[in-house]
Amino acid sequence: MKRYFLSFLFFFLGIQSAVAGSFVYPLDQIAKPSCRFSTWGTLDNGCKMTLPRIEGADYVKYKNNTDYRRIYSVLWEATYDYGWDVGYGSHGGVDISTSAGTPVRSIGDGEVVTAWWLAGWGNTVSIKHKLADGRYIWSNYAHLSKIFVSKWSIKAGATIGEVGNTGNSYGNHLHFQIDITDQFHPYYYVTCGKWKDPIDIVNKGLCQNYLTINTIDPIAFLESNGQFTTLEHLQEQTRIAPKIEQKSIKTREQIMDEEIEEFFRDHTLSVNIGVPGNNIEVGKSYTAKVNVMYRGKPFTGNLPAEGLMLSYDHAGVKLFPEIIIVIENGVREFKITGVKPGKYGISLRIGKRIFLTTTINVYKKSDMLYPKEAIMLNNSSIVLADEKLAAVVFRTKYASNQIDIPYSGRYILKSLTGKAKFCNVSHRTVRKCNASELVEELEFSYDDTYRGVLLANVIPLDYMPMSLVVVGKNSGKTYAKSKTDILVTNPNGIDKTYTYFTETISALKKGIMKPSSGYVLQDRELVGRQAKEMIRNSLAHLFLKAGDDKLKKEQIILKMKDFEARAVKIDDYKRISRAEFAGLVIGVIDGSPIVSTDKKWMDEAGEYKNMITTLRVRYNFAWKDQFAARYFQSNKGITVGESMYMIEKVL
C-alpha cells in the first residue's frame, strides 16, 4: 500500500522518481575482506558480514577506508588503476568483491532479458525494471559462477546466481551495472569503443559521453531513495559531484599489495615440484603441486590478484597452466615438461610477492651414464665402535643431485686414514648393521642405492681420525672426499682408569658391543638382550676371522643356528649372572667345556661348574679384584665391562 501511495504522491506532485524502498542492493551478505578468497560455502559466520553501504554515494567520505576500497574495488566512471577516481575513467558499473559462490539477488521486480554467457562478461544476467514514471532501467550482473534464472519475471531480492570469476575477470567479484537506454543489455562501448582495448577505454576515460548517456552510477541510484526528480537529474548530480583526484588516494595496485600481504599472513603456501633433484628428462612431463593452507586447514577458493603466476625460461621447460587461480581442498596441480637439455630458472609469484625460485635441470639419459662428481654427508665426529650414517650422492653435469637417474659403473667407499668398517643400509629400515656384513671397503653401483643415494653406516675401529673417499672401482677417479677428517672420540660412560678399560675397548673394536647413543655404561649390569647381542657379534667376528677356512666357517654357522634356538629362552630384560654368562660364552663360543672335578674357587660348583672351570684352565681367567684367588662369585650380576673382559679372554 505504501508503495502505491508514494507513486501517487510523486505523480500528483509531477515528480518522476525511483520509489524509495523499491530497490535493494544486489548483495545482502558478503565475505569479510580477509576471508573473501575462500569459497562462500566454506566460510563460517565469523567470516560473513552484511554488505556495507556507501551512504549517500559519498565516495570522498570512504576513499581512505581500506575495507571499503577492497569491497567496492572499482566504481562507476573510475579507472582500473585507481578504482575510486570517479570521473577520470570509463568503468561502466561498480565491482563488488566477495567470495566465489556469494548469492547474488535481483535489485527489484522485473523481467529477465539476458541469462547466458557473454564474451568478456562471462555468465551474465540482465533484468528489465519499470520505474514509477513508466520508464525502464536494466540491471546487469556479470562474471557469475552460476546462473539460476532464465527469461521470466522475477521479484526483488530473488537469488539469480552466485559471484564468480568468469569472462575477463581477475578475482571473484560482481560487476553490477545499470543501463538506462533501450538497446542490447548489458551496454557495451558499441560505437566509440570498436577495435579499442577495453582496458584502454576504461583507464583513459574514452567513450565517457557514451557511458553517461547509456548508464547511471548504480550506487548513486540505490542510495538516492527517491530524492532525484528524473534519471537525467541523477546523471547531472553525479556529474557535478566532487571528483576524487588520483593523487589523493592509493592506487588499486597498492590496495592489492596490502591485500596480498594480508593473504600471506593467514595462508601458508608451499610448492612440491615433484621431481627429485629437480632433474627432468627431455620430452617427459612431471606433476607438481601447489599446497595452500588457511589458518591450518586446507584452503578452497581463489588466489588474490591475478592468481599464482608461473614464470619460467620457455627455451628449456614448459609449465601448464601458467596461471593458477583456483585451489581445491588445499591442492592444485600443474605440469612441468622438459623441452631442451640445460639448466633453467622458474619462479612463482602472486602480485609482486615471489615465494619460490628454483632451477630445473633438463637432461638426456645419454648425458647421465656416468656421474661428474659426488658429495658426501657425514658427521664431523663419531664415537669409537658406534655406527653413524653417511650418505653419498652423485651429481649431474648441472651440479644437481643425480637422484632417480640411473648411472653405470661401480664405486668404492673407503677410509684413507684410520681404521673403519662400513655396511650398506640403503634398503634397510633398521639402522644397526650385523657384524657379518661389515667390510673395510664398500663397493656399490646404482642398484645398491636408494634412488641413487648410497646410505652407509660407518664404524670407526681405532682412534685415528678418518678421511672418507669415494673412488671409481676401475678408473680410480676420486668423486668425493669428506670435507674434514672425522674425529673419533671415546665412548661416554667408560673411564680410562676402569679396571677392564683395555679389554672393553678391544671388544668394542671387534664389534662385540656397540655404544648406545654414544654411551657404554661399564658398571651397569648386563641384561638378556645385551648378552644375546654380544654372543651373536662374537660369532660373526669369528666367522670373518676364519677367512677362507670353509670348514671353520661351517662350524661357526652351526653354532649360530644352535644359539638362536637357545636364545629364544633368554629374557631380554632379565639380569644375567656371571655364571649364566660364562655358560653362554663357553657353551656357545668355545663349544667344548672341560668336564672335571678340579676346583680352585670356593664357588666353582653348580650348573655352570664346567664352564667356570674351562675359563680358569683353558683361558687362564680370573677376575681383577680382591676375591680373584678364591671366588668366581657365580650368582653376582655381571656388568657390561666385565662381560667384555670375559669375551676378550675367550676370543
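See the structure above.
Source: prediction; values computed, not measured.

(A) Summary view of the overall build of the protein chain. A tally of helices and strands in the protein chain yields 14 helices and 34 strands. Against the 2.2 N^0.38 benchmark of 26 Å for 651 residues, the protein chain shows a C-alpha radius of gyration of 42 Å, more extended than a compact globule. In terms of principal-axis extent, the alpha carbons of the protein chain reach across some 140 × 55 × 45 Å. Residues counted as buried form 51% of the 651 residues belonging to the protein chain. For the protein chain, restricting intrachain contacts to residue pairs at least 6 apart in sequence, the fraction spanning at least 24 positions comes to 66%. Entry remark: accessible area of the protein chain is about 30800 Å², with carbon and sulfur atoms responsible for 52%. Here the protein chain contributes 84 positively and 69 negatively charged side chains, and the mean placements of these two sets differ by 5 Å.

(B) Molecular detail of the pairing of strand β19 (residues 317–320). Residues Val317 and Leu319 of β19 are buried on one face, while the alternating residues Lys318 and Phe320, pointing to the opposite face, are not. Both β19 and strand β22 (residues 331–338) contribute to a ladder of four bridges, which runs antiparallel. Bridging across to β22, Phe320 finds its partner in Lys335.

(C) How the structure looks around the sheet that holds strand β14 (residues 279–281). Pairing in this open sheet of five strands is mixed, and the strands run β14-β24-β23-β18-β20 from one edge to the other. Two strands close off the open sheet at either side, each with one partner strand: β14 and β20 (323–324). Sitting on the sheet, helix α8 (residues 252–266) touches β23 (342–350) and β24 (353–363), and the angle it makes with β24 is about 75 degrees.

(D) Local environment of the state of the cysteines. Throughout the structure, instances matching the rule amount to three disulfides. In this model, Cys35 is linked to Cys47 through a disulfide, with the two sulfur atoms separated by 2.1 Å. Residues Cys35 and Cys47 are joined through a disulfide that is left-handed, its torsion about the S-S bond being -60 degrees. With a gap of 12 residues between them, Cys35 in the loop between β1 (29–31) and β2 (48–50) and Cys47 in the loop between β1 and β2 connect regions that are remote in the sequence. Exposure remark for Cys35: the relative accessible area of 2% places this residue in the buried category.

(E) The arrangement of the pattern of salt bridges in detail. Evaluation of the coordinates by the stated rule reveals 26 salt bridges. Salt-bridge contacts for Glu245 lead to Lys247; the nearest nitrogen and oxygen are separated by 3.8 Å. Note on Lys247: relative accessible area 75%, which makes it exposed. Taken together, the shared-partner salt bridges connect Arg36, Arg70, Glu259 and Glu262 into one network.

(F) Molecular detail of the layout of surface pockets. Estimated volume of the second largest pocket: approximately 500 Å³. Of all the secondary structure elements, the ones that give two or more residues to the lining of the second largest pocket are α2 (59–62), α5 (208–214), α6 (218–224) and α7 (231–240). At four residues, α7 tops the list of elements feeding residues into the lining of the second largest pocket. In the lining of the second largest pocket, the residues fall into 10 nonpolar, nine polar and six charged.

(G) Structural view of the sheet that holds strand β33 (residues 478–481). Across the sheet, which stays open at both edges, the four strands sit in the order β30-β28-β32-β33 with antiparallel pairing between neighbours. The strands lining the two open edges of the sheet, one partner per strand, are β30 (441–444) and β33. When the angles between neighbouring strand axes are averaged without regard to direction, this sheet yields 25 degrees. Sheet analysis places strand β28 (residues 411–417) next to strand β32 (residues 467–472), joined by six bridges and oriented antiparallel. Of the residues in β32, the one forming a bridge with Thr417 is Ser467.

(H) Focus on helix α9 (residues 501–509). By the burial criterion, the buried members of α9 are Phe501, Glu503, Thr504, Ile505, Ala507 and Leu508. As for α9, its buried residues are in contact with α14 (640–650). Looking one or two places after α9, you find Gly511, whose phi comes out positive at around 80 degrees.

(I) Up close: empty space enclosed by the protein. Tallying each qualifying case throughout the model produces one cavity of 30 Å³ or more. Within this model, the largest cavity holds a volume of roughly 30 Å³. With three residues, strand β27 (residues 388–395) is the single largest residue contributor to the lining of the largest cavity. Residue classes in the lining of the largest cavity are distributed as six nonpolar, two polar and one charged.

(J) Inspection of the nonpolar core at higher detail. In this structure, Leu413, Val470, Phe581 and Met646 are the most contacted members of the largest nonpolar core, which totals 70 residues. It is helix α12 (residues 578–590) that contributes the most residues to this core, eight residues altogether. Every residue in contact with Leu413, bar those within four places of it in the chain, is listed here: Met376, Phe422, Glu440, Glu441, Leu442, Phe444, Leu454, Ala456, Leu468, Val469 and Val470. Within the second largest apolar cluster, 47 residues are counted, among which are Tyr25, Tyr68, Tyr82 and Val112.

(K) Expanded view of the packing of aromatic side chains. Applying the stated criterion to the full structure yields 28 aromatic pairs. A centroid spacing of 6.1 Å and a plane angle of 45 degrees characterise the contact between Trp623 and Tyr645, whose relative ring orientation is tilted. Within this pair, whereas Trp623 is found in the loop between α13 (609–618) and α14, its partner Tyr645 is found in helix α14, the two being separated by 22 residues in sequence. Exposure remark for Trp623: the relative accessible area of 2% places this residue in the buried category. According to the relative accessible area criterion, Tyr645 is buried, its value standing at 3%. An aromatic cluster is built from Tyr498, Tyr500, Trp601, Phe621, Trp623, Phe632 and Tyr645, whose rings are joined through pairwise contacts. A cation over a ring is seen here: Arg353 above Phe264, with NZ or CZ 4.2 Å from the ring centre. Above the face of the Phe543 ring, Lys553 is positioned so that its terminal group lies 4.8 Å from the ring centre.

(L) The packing of helix α10 (residues 528–545) against helix α11 (residues 550–567), seen in detail. Look at α10 against α11: their axes get within 9 Å of each other, and the N-to-C directions meet at 170 degrees. Accordingly, the angle class assigned to the pair α10 and α11 is roughly antiparallel. Here Lys532, Ile535, Arg536, Leu539, Ala540, Leu542 and Phe543 of α10 come into contact with α11, specifically with Lys553, Ile556, Ile557, Lys559, Met560, Phe563, Glu564 and Ala567. In terms of residue class, the contact of α10 with α11 is made up of 10 nonpolar, no polar and five charged.

(M) Layout of the environment of His175. Along the polypeptide, His175 turns up in strand β11 (residues 173–179). Considered as a pair, His175 and Ile576 are 401 residues apart in the sequence and their alpha carbons are 83 Å apart. Beyond its immediate stretch of four places on either side in the chain, His175 contacts His91, Gly92, Gly93, Val94, Asp95, Trp121, Asn140, Tyr141, Ala142 and His143. At 2.9 Å, the side chain of His175 and the side chain of Asp95 are in polar contact. Within the local environment of His175, its side chain forms a polar contact with the side chain of Gln177, the two groups lying 3.0 Å apart.

Thresholds applied
Each chain carries its own residue numbering, running from 1 in the direction its sequence is written. Where totals are concerned, whole chains, interfaces and linings use all residues; where local detail is concerned, this predicted model gives features only for residues with pLDDT of at least 70, and gives and counts side-chain atom pairs only at 80 or more. Heavy atoms from the whole structure form the basis of all side-chain values; hydrogens and water molecules are not counted. Helix and strand definitions follow DSSP, with helices as H or I runs of at least four residues and strands as E runs of at least two, each counted in order from the N terminus. Note that the radius of gyration is over C-alpha atoms, with the globule rule given as 2.2 Å times the number of residues to the power 0.38. Each residue is assigned to one of three classes by its accessible area relative to the maximum for its type, calculated with a 1.4 Å probe on protein chains only: buried under 20%, partly exposed between the two thresholds, exposed over 50%. The contact criterion used is simple: two residues touch if any of their non-hydrogen atoms lie within 4.5 Å. Computed by Shrake-Rupley with a 1.4 Å probe, the accessible areas treat only the displayed protein chains as cover when residues are assessed. Within this scheme the basic residues Lys and Arg register as positive and the acidic residues Asp and Glu register as negative, but His and the chain ends are omitted. Where a charge sits is defined by one atom per residue type, namely NZ (Lys), CZ (Arg), CG (Asp) or CD (Glu). Strands were regarded as paired on the criterion that DSSP finds at least two bridges between them. Here, axes are lines fitted to C-alpha atoms. For helices the fit covers the stretch in contact, and angles between N-to-C directions go from 0 to 180 degrees. Count a disulfide wherever a pair of cysteine sulfur atoms falls within 2.5 Å. By convention in these notes, a salt bridge is any Lys or Arg side-chain nitrogen within 4 Å of a carboxyl oxygen on Asp or Glu. Definitions used throughout: a 1 Å grid over protein atoms alone; a cavity as a set of points that fits a 1.4 Å probe which cannot get out; a pocket as an open set with protein on both sides within 12 Å along at least five of seven lines; a lining residue as one with an atom within 4 Å of a point. Grid points are joined across faces, edges and corners, and a volume is the space filled by probe spheres set on the points. Three classes are used: nonpolar for Ala, Val, Leu, Ile, Met, Phe, Trp, Tyr, Cys and Pro, charged for Asp, Glu, Lys and Arg, and polar for all others, with Gly counted as polar. By convention a nonpolar core is built from buried Ala, Val, Leu, Ile, Met, Phe, Trp, Tyr and Cys residues, the set being connected through side-chain atoms within 4.5 Å. For Phe, Tyr and Trp, rings pair up if their centres lie within 6.5 Å, where Trp contributes its six-membered ring, and each pair is then called stacked (planes under 30 degrees apart), edge-to-face (over 60) or tilted (otherwise). Here, over-ring charges are defined by two tests on the NZ atom of lysine or the CZ atom of arginine: distance to the ring centre within 6 Å, and angle to the ring normal within 35 degrees. Any angle from 65 to 115 degrees is called roughly perpendicular, while one under 35 is roughly parallel, one over 145 is roughly antiparallel, and all others are oblique. By the criterion applied in these results, polar contacts are pairs of N or O atoms within 3.5 Å in which, for protein atoms, one can donate a hydrogen and the other can accept it, and in which residues neighboring in sequence qualify only through two side-chain atoms.

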